[in-house]
Amino acid sequence: RKEVEQDPGPFNVPEGATVAFNCTYSNSASQSFFWYRQDCRKEPKLLMSVYSSGNEDGRFTAQLNRASQYISLLIRDSKLSDSATYLCVVSPSGGGADGLTFGKGTHLIIQP
Amino acid sequence: NAGVTQTPKFRVLKTGQSMTLLCAQDMNHEYMYWYRQDPGMGLRLIHYSVGEGTTAKGEVPDGYNVSRLKKQNFLLGLESAAPSQTSVYFCASTGGRRTEAFFGQGTRLTVV
């Protein structure tokens, strides 16, 4: 099982719709979780951190389910500018700085 | 604020040539990373450093060497470039093991 798995998509979604995608991780001792956004041919940028209690930032909601080892990202009222690749990122547990582990990303296309 | 700066941004090498990619950060971060990104493969960790004078291997270290002589700089070297090293290379830094990563703009390397 890969460390971090995501559905690559693409997800084709009409503007204004709600879209959600999940990411599963294999290391049950993982401590930190993030969603990054990457636009075509650009560097990844932090979208939001994912806390145990879940968190919301405007139209974006992130959830963590430790029992099932997945995190989710929900985008409401999607905009054309939301088109991008969304990367799930998991940090290792203490005891070794292996770096952040990235999923391969989910490609989202918002259609007018 | 510059953040993380990578040089060069583009490079074409002939097979067997050598080159060094430079990553510089001005955020006083302890941790620095080199990733490569290939279509369908996501971001893969090449080498990382947890502080000045330290380096460690990541997931795909073969064919690369690194050095961290100064805290703000992390160099990635290719001693004898191969076509398989054609990729986009991203440098990143974090203040801690579980904190947000800041990325450079990437280096697009083509080996012919």
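Cut-off values and rules
Residues numbered from 1 in each chain as written. Chains lettered and ligands numbered in written order. Predicted model: local features only at pLDDT ≥ 70, side-chain atom pairs only at ≥ 80, totals over all residues. Heavy atoms only, no water. Salt bridge = Lys/Arg side-chain N within 4 Å of Asp/Glu carboxyl O. Helix = DSSP H or I, 4+ residues; strand = E, 2+ residues; numbered from the N terminus. Buried < 20%, exposed > 50% of the residue type's maximum accessible area, 1.4 Å probe, protein only. Core = buried A, V, L, I, M, F, W, Y, C linked by side-chain atoms within 4.5 Å.

Q: Hey, could you run me through the pattern of salt bridges in this one?
A: Summed over the entire model, instances satisfying the criterion amount to 7 salt bridges over all chains. For Arg59(A), the salt bridge identified is with Asp82(A), shortest N-O distance 2.8 Å. Of the two residues, Arg59(A) sits in the loop between strand 6 (55-57) and strand 7 (60-65) while Asp82(A) sits in the loop between strand 8 (70-75) and strand 9 (84-91), which places them 23 residues apart along the sequence. Taking relative accessible area as the criterion, Arg59(A) reaches 22% and is therefore assigned partly exposed. By relative accessible area, which is 2% here, Asp82(A) ends up buried. Put simply, Asp38(B) and Arg44(B) hold a salt bridge, and the shortest N to O gap is 2.9 Å. Asp38(B) sits in the buried class, given a relative accessible area of 13%. Counted as one network, the salt bridges with shared partners bring together Arg36(B), Asp38(B) and Arg44(B).

Q: Hey, could you run me through the nonpolar core in this one?
A: For soluble globular proteins, nonpolar side chains are generally found buried alongside one another. Within the largest apolar cluster, 23 residues are counted, with the highest numbers of intra-cluster contacts made by Phe21(A), Trp35(A), Ile71(A), Leu73(A), Ile75(A), Tyr86(A) and Leu108(A). When residues of this core are traced back to their parent elements, those giving at least two are strand 3 (19-25), strand 4 (32-38), strand 5 (45-50), strand 7, strand 8, strand 9 and strand 11 (106-111) of chain A. If you look at the next biggest cluster of nonpolar residues, it comprises 19 residues, including Trp34(B), Leu78(B), Ala81(B) and Leu109(B).

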